[in-house]
Amino acid sequence: MKGGLTRQEVAKRAAQELRGGMYVNLGMGIPTLVTRCVPAGLTVFLQSEHGILGLGPPPPPGGEDPDFVDASRMPVTVIPGASLFSSAESFAMIRGRHLDMTILGAYQVSARGDLANWMIPERGVGSIGGAMDLVYGARRVVVTMEHVTKDGKPRVVERCSYPLTGRECVDLIVTDLAVIEVGSDGLVLKEVAPGVTPQEVQAETGAKLTVSPELREIRV
Amino acid sequence: MKGGLTRQEVAKRAAQELRGGMYVNLGMGIPTLVTRCVPAGLTVFLQSEHGILGLGPPPPPGGEDPDFVDASRMPVTVIPGASLFSSAESFAMIRGRHLDMTILGAYQVSARGDLANWMIPERGVGSIGGAMDLVYGARRVVVTMEHVTKDGKPRVVERCSYPLTGRECVDLIVTDLAVIEVGSDGLVLKEVAPGVTPQEVQAETGAKLTVSPELREIRV
Amino acid sequence: MVNKCYPSADAAVRDIGDGATIMFGGFGFCGIPERLIDALARRGVKNLTGMSNNCGLGGRGVDILVRNRQIRKMVATFPAQREPTPFEEQYLAGQVELELVPQGTFAERIRAGGAGVGGFYTRTGVGTPLAEGKERRVIAGVEYVLELPLRADFALIHAYRGDRYGNLIYRGTARNFGPEMATAADVTIAEVEELVEVGELNPEAVITPGIYVDRIVAVGKAS
Amino acid sequence: MVNKCYPSADAAVRDIGDGATIMFGGFGFCGIPERLIDALARRGVKNLTGMSNNCGLGGRGVDILVRNRQIRKMVATFPAQREPTPFEEQYLAGQVELELVPQGTFAERIRAGGAGVGGFYTRTGVGTPLAEGKERRVIAGVEYVLELPLRADFALIHAYRGDRYGNLIYRGTARNFGPEMATAADVTIAEVEELVEVGELNPEAVITPGIYVDRIVAVGKAS
């Protein structure tokens, strides 16, 4: 099997889900890379759960301001037309279903769209942050992740073995190998990475995939 | 029996409950008169439930601004150090027990401190406004009212016959005839208007009063 | 380009139909969306459920819709004024319905509607007729009643300044219910006294972030 | 004259004793009340219950108190960082307790604590281990869990500017949990970068009204 997409390419594919005028929260990991993949000319309002609507690009070197950071604690700017607010106001925005979309990282996604992304049981402690709020708060939940773990185990599984972040909440899975939609009848394979066959994707997946009649290659 | 206090004097007596630095909400009717009775040199922060902390005096004639009104829709100003906020934030402040005191008007107060101040049943419709929030929200509830109705019926009663605003919520009653404390064992007559005897107050009251050993005359 | 501006109040309310549920900002005469209400009166839609602190008076605000017989029901905290209003007359004649709500509960229910809160416990109303039929619950020794969120099809609000992204600031006590109502309707329509360029509003002082506002109309200062 | 100013961080925290429950503002390194935490470290009080988004890292913020073994329990949303922290080590060794809370639930529980809300229903956490032992309830076809308010003896927060009445404004993402924490403690202590004259803050843009702040200390800009 060919290599599949790079992390940057996964972010680029996820960015194709953005539409002009959308309000979107980006999680840690691959999703933060999406910031730089927004198609030119598209106005998208990025929300950061600790109190920004209208996250801008990172500041130029030397322009960092410790009072302006993103949820991963990296320096950011805000765009013209941004607004700042408290955490409670931010989560009222998230939980009130005002965001069009969130793009999150994941450890596992199940066939019915359950998401596990906050705790590896072996570590004995995990961090939730805003993920549990976002999975039910955002109108659409897109997950980006590596298709398999470092030791080759599927991350798309029949049932999550890791503690859940949310139940039946994922709409779309974007991995280095495939784009999979979580439908009411299970997982639908919509796109495959260049050089990768549906059979190869199925072999790396722990749940049954239905191949979409419109299956196509991922273009990034 | 002598005449008892004027409305202005009732407000003045109620104002004696104010202490420096207090945060206080004033209801409609007699309580609005309290604004002008704050002792000189005392900083008291007046709250208005539709979004002001730091209500100032009325503007000079011609200085009215339709965007700055009090809860009775009269023009107001704000003091230096004031803040403005939304209704939900204002009632979070009220309901979270941050106000030291509220001074409210009333139709009836019962022996155990029940308050009725929002509806005269005969009218068939009443207005609650912020009263039901204030009676449980403010740490201390002071009621100002005429001691009896226009047709001479007691307003301080054994049980309220009007619909309640709150149960066991009143701490102090200031009327044109007396100052009555709502104690755990019932009503305690603390002060009488000049020229009025405890017996005369009791005769105009629908519940039993215990005369305080420190009974004194109201001084305004 | 993201542009939520509408050319007129009439254009902004054009899809509000009979039977709609509408939140109206404002407290007394302060901060009422007068131009949007005028447009709604011109549209003549009927059987509206209104949510507003007052039910209007003096031929202004919701009172216009009440006089026009466009209102079927009001959810309000202060329907009765000193002198009887058209709303009070229609209510006593059984022509309009009223759900009376304490003002803090009204504000908090609207916030809950916008913030995804399924319900909340409050002390307000305990022991009064307004708690009748509501679930009561003792938590940590204190008695509460359960209150449920309020949402509407449309929220009509008035703000001081806004930009085409929908960011808003208010002025004085005209802020009142606007910020929460903006969050609790499927479609929020804001009339603003002044439309400013994107970037002119200080991000630290924006009260209503644009995400909550769907349509914005510049109406100038009220006369 | 109303004056809530304290001469130093040490003076402002002087009555915080062993076993106190304390909210700490801040998100990562942003908006943490560093000078107040330093003063608390100097006081050496023990068995503290802390409420904070993180549990500190890199020898800053709550991490100082953790390393000093002053913390008995944390209520937090993001205790585990990429690399193990002193808190994680103490937790895995059974030396500190942890109540893990989703971030939105954490913020909303603090708001509830300050706003007199006895409890609220939220979808967040439904179907996850964090809903175990919590009351579940279906309202209008949606499943919720009941969450209860959080309150503390003290809230320590960092703000940008403040006046002697306790009015505060924040800067950028340093605002985070400060505004709600200020409402939910018996005693709220704010360190501010700059103390300004009463009247200098725009009333329309004050984020924390002075009513919520008991003590204020000017600490200058963090180095």
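Please refer to the structure higher up on the page.
For clarity, every value in this text was computed on a predicted model and none was experimentally measured.

J.: Just to check I follow, could you spell out the pattern of salt bridges for this structure?
T.: Close approach of charged atoms allows side chains with opposite charge to pair. One pass over the structure, following the stated rule, counts 62 salt bridges over all chains. The salt bridge involving Glu135 of chain D is made with Arg137 of chain C; its shortest N-O contact spans 2.4 Å. Residue Glu135 of chain D is found in the loop between strand 5 (119-122) and strand 6 (136-139), and its partner Arg137 of chain C is found in strand 6 (residues 136-139); the two belong to separate chains. Classification of Glu135 of chain D by relative accessible area gives partly exposed; the value is 29%. By relative accessible area, Arg137 of chain C is classed as partly exposed at 22%. Connected via shared salt-bridge partners are Arg13, Glu17, Arg140, Glu191 and Arg216 of chain A.

J.: Help me understand the interface of chain D and chain A, please; the structure alone is not making it clear to me.
T.: Bring the parts together and some accessible area is lost; that lost area is often taken as the interface size. Counting from both sides, the interface comprises 47 residues of chain D and, opposite them, 38 residues of chain A. Summing both partners gives a buried area of about 3,400 Å² for chain D against chain A, and 57% of it is carried by carbon and sulfur. Of all residues in chain D, the largest losses of buried area upon contact with chain A belong to Phe27, Arg123 and Thr173 of chain D, amounting jointly to 17% of the total for that side. Taken together, the links from chain D to chain A amount to 5 salt bridges. A salt bridge links Glu88 of chain D to Arg123 of chain A, with the nearest nitrogen and oxygen atoms 2.6 Å apart. Run the count over chain D and chain A and you get 24 residue pairs in polar contact (both at pLDDT 80 or more). Mapped by element, the contributors of at least two residues to the side of chain D that touches chain A are helix 4 (86-92), strand 4 (97-100), helix 5 (103-115), strand 5 and helix 6 (178-181) of chain D. The leading source of residues in the side of chain D that touches chain A is helix 5 of chain D, at 5 residues. Broken down by class, the residue content of the side of chain D that touches chain A amounts to 22 nonpolar, 14 polar and 11 charged.

J.: What am I meant to see in helix 2 (residues 34-43) of chain C here?
T.: An α-helical turn contains 3.6 residues, so any two residues separated by three or four positions project in the same direction. Those residues of helix 2 of chain C that fall on the buried side of the exposure criterion are Leu36, Ile37, Ala39, Leu40 and Ala41 of chain C. Gly44 of chain C occupies a position one or two residues after helix 2 of chain C and carries a positive phi of about 75°.

J.: What's the story with the pairing of strand 2 (residues 48-51) of chain D in this structure? I'm lost.
T.: Residues and elements named next belong to chain D. Of the two faces of strand 2, the one carrying Leu48 and Gly50 and the one carrying Thr49 and Met51 are both buried. Each parallel crossover has a hand, and for strand 1 (residues 21-24) linked through helix 2 (residues 34-43) to strand 2 it is right-handed. In this structure, strand 2 lies alongside strand 3 (residues 71-76), joined through 4 bridges in parallel fashion. Paired with Met51 across the two strands is Val75, which belongs to strand 3. In this view, the connection linking strand 2 to its parallel neighbour strand 3 by way of helix 3 (residues 62-67) has right-handed handedness.

Procedures and definitions
- Residues numbered from 1 in each chain as written.
- Chains lettered and ligands numbered in written order.
- Predicted model: local features only at pLDDT ≥ 70, side-chain atom pairs only at ≥ 80, totals over all residues.
- Heavy atoms only, no water.
- Salt bridge = Lys/Arg side-chain N within 4 Å of Asp/Glu carboxyl O.
- Helix = DSSP H or I, 4+ residues; strand = E, 2+ residues; numbered from the N terminus.
- Buried < 20%, exposed > 50% of the residue type's maximum accessible area, 1.4 Å probe, protein only.
- Contact = heavy atoms within 4.5 Å.
- Buried area = accessible area lost by both parts, 1.4 Å probe.
- Polar contact = N/O pair within 3.5 Å; in protein donor to acceptor, adjacent residues only side chain to side chain.
- Nonpolar A, V, L, I, M, F, W, Y, C, P; charged D, E, K, R; others polar.
- Right-handed = clockwise from strand over helix to strand, strands pointing away.
- Pairing = 2+ DSSP bridges.

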